[in-house]
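Next come the chains, spelled out residue by residue.
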Amino acid sequence: MSEKIQKVLANAGLGSRRQIEDWLREGRIAVNGQVAKLGDRITLDAKIRVDGRDVQLIKSASQKCRVLLYHKPEGEICSRSDPEGRPTVFDHLPMLRNGRWISVGRLDFNTSGVLLLTNDGELANFLMHPSAEIEREYAVRIQGQVTPAMIKTLKKGVKLEDGVAHFVDVSDAGGEGTNHWYHVLVREGRNRVVRRLWESQGVKVSRLIRVRFGDITLPRMLRRGKWMELSLDDITKLKNNGAV
């Protein structure tokens, strides 16, 4: 029985469906010696190459779903490699015998905090899909005057270049002057959406830390650049957190 290539490769732990769809558009995947395209269907006996390397399609039945919580520091990227030679989050993760770690969304170079990674492409796809509406909570240090009217606008919605976005909630976390902190909630993983929303109001984000993804909160004892593996209970909470 054939299935869509992005689903088969995600099940094999090669990436999320969204990542694999991008690889197909870029011509990086070959099936039985031919460049694959979006919409192709394959069977498990197909010979697959990604970036010129053979890949295993069948994930071991004994290989369990694993999820890591990584405390990403500022100054690391979420890609596997960088032409500029910057460090990546993948430099610090444990080795996988089969499959690879898949980043659940991204944090930009200057953002720190909770980053989830999994060996399960289907789980990664679910957690990143907009329909899941999983809450992300950020601690934000703001430079500039924040008014009640501004907060009302940010919660109501602001038109950005890629559509309207808003904060589900904004709460004052204290501080004075250039060290004033707020906590904000969003239910989407749009690129740099927290920074862009604040910047639309004429203020600057000087620090940005993701402190929660769904029910997974950044532990106080987990130092920057370190990871911990989530328990089966935590993984189950993640799977049940969003709308299916």
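Heads up: the structure comes first, above all this text.
Treat the numbers as computed from the prediction; the structure is a model and nothing was measured.

Quick notes on the rules
- Along each chain, residue indices are assigned from 1 in the same order as the chain's sequence is written.
- Two thresholds apply to this predicted model, a pLDDT of at least 70 for residue-level local features and 80 or more for giving and counting side-chain atom pairs, whereas whole-chain, interface and lining totals are computed over all residues.
- The side-chain values count all of the structure's non-hydrogen atoms but skip hydrogen atoms and water molecules.
- What counts as a ring pair is set by centres within 6.5 Å for rings of Phe, Tyr and Trp (its six-membered ring), and what kind of pair is set by the plane angle: stacked under 30 degrees, edge-to-face over 60, tilted for all other angles.
- Helix and strand assignments follow DSSP, with helices taken as H or I runs no shorter than four residues and strands as E runs no shorter than two, numbered in order from the N terminus.
- Type-normalised accessible area, obtained with a 1.4 Å probe on protein chains alone, sets the label of each residue: buried when under 20%, exposed when over 50%, and partly exposed for intermediate values.
- Buried Ala, Val, Leu, Ile, Met, Phe, Trp, Tyr and Cys residues that are joined via side-chain atoms within 4.5 Å together make up what is termed a nonpolar core.
- Should any heavy atoms of two residues lie within 4.5 Å, those residues are counted as being in contact.
- Think of a polar contact as two N or O atoms within 3.5 Å of one another; within protein, one of them needs to be a possible hydrogen donor and the other a possible acceptor, and neighboring residues in sequence only count if both atoms come from side chains.

1. Some points on the packing of aromatic side chains
Step number 1: Summed over all chains, the structure comprises two aromatic pairs.
Step number 2: For the pair Phe 167 and Trp 198, a centre-to-centre distance of 5.8 Å together with 45° between the ring planes defines the contact as tilted. Of this pair, Phe 167 sits in the loop between strand S12 (163-165) and strand S13 (169-174) while Trp 198 sits in helix H5 (residues 193-199), and the two are 31 residues apart along the sequence.
Step number 3: Taking 5.5 Å as the distance between ring centres and 45° as the angle between the ring planes, the aromatic pair formed by Tyr 182 and Trp 198 counts as tilted. Here Tyr 182 is found in strand S14 (residues 180-186), whereas its partner Trp 198 is found in helix H5, with 16 residues between them in sequence.
Step number 4: The exposure class assigned to Trp 198 is buried, which follows from its relative accessible area of 0%.

2. Digging into the nonpolar core
Step number 1: With 32 residues, the main nonpolar core has Val 140, Phe 167, Val 194 and Trp 198 as its most contacted residues.
Step number 2: Contributing elements (two or more residues each) for this core: strand S7 (67-72), strand S9 (112-118), strand S10 (136-143), helix H4 (148-156), strand S11 (158-160), S14, H5 and strand S15 (204-213).
Step number 3: Looking at which element gives the most residues to this core, the answer is H5, with four residues.
Step number 4: What Val 140 contacts, discounting residues up to four positions off in sequence, is His 180, Trp 181, Tyr 182, Val 184, Val 194, Trp 198, Val 205, Arg 207 and Leu 208.
Step number 5: Membership of the second largest hydrophobic core comes to 20 residues, among which are Val 114, Leu 123, Leu 218 and Leu 238.

3. Remarks on the side chain of Ser 112
Step number 1: In this fold, Ser 112 is placed in strand S9.
Step number 2: You can call Ser 112 buried: its relative accessible area is 3%.
Step number 3: Every residue in contact with Ser 112, bar those within four places of it in the chain, is listed here: Lys 72, Pro 73, Glu 74, Leu 107, Leu 208, Ile 209 and Arg 210.

4. Describing the environment of Thr 118
Step number 1: The topology assignment puts Thr 118 in strand S9.
Step number 2: Take Thr 118: its relative accessible area is 1%, and that puts it in the buried class.
Step number 3: Through-space distance from the C-alpha of Thr 118 to that of Leu 68 is 6.3 Å; in sequence the pair is 50 residues apart.
Step number 4: When near neighbours in sequence (up to four residues on either side) are disregarded, Thr 118 contacts Cys 65, Arg 66, Val 67, Arg 100, Trp 101, Ile 102, Val 104, Leu 123 and Ala 124.
Step number 5: Among the polar contacts made by the side chain of Thr 118, one reaches the main-chain amide nitrogen of Asp 120 at a distance of 3.1 Å.

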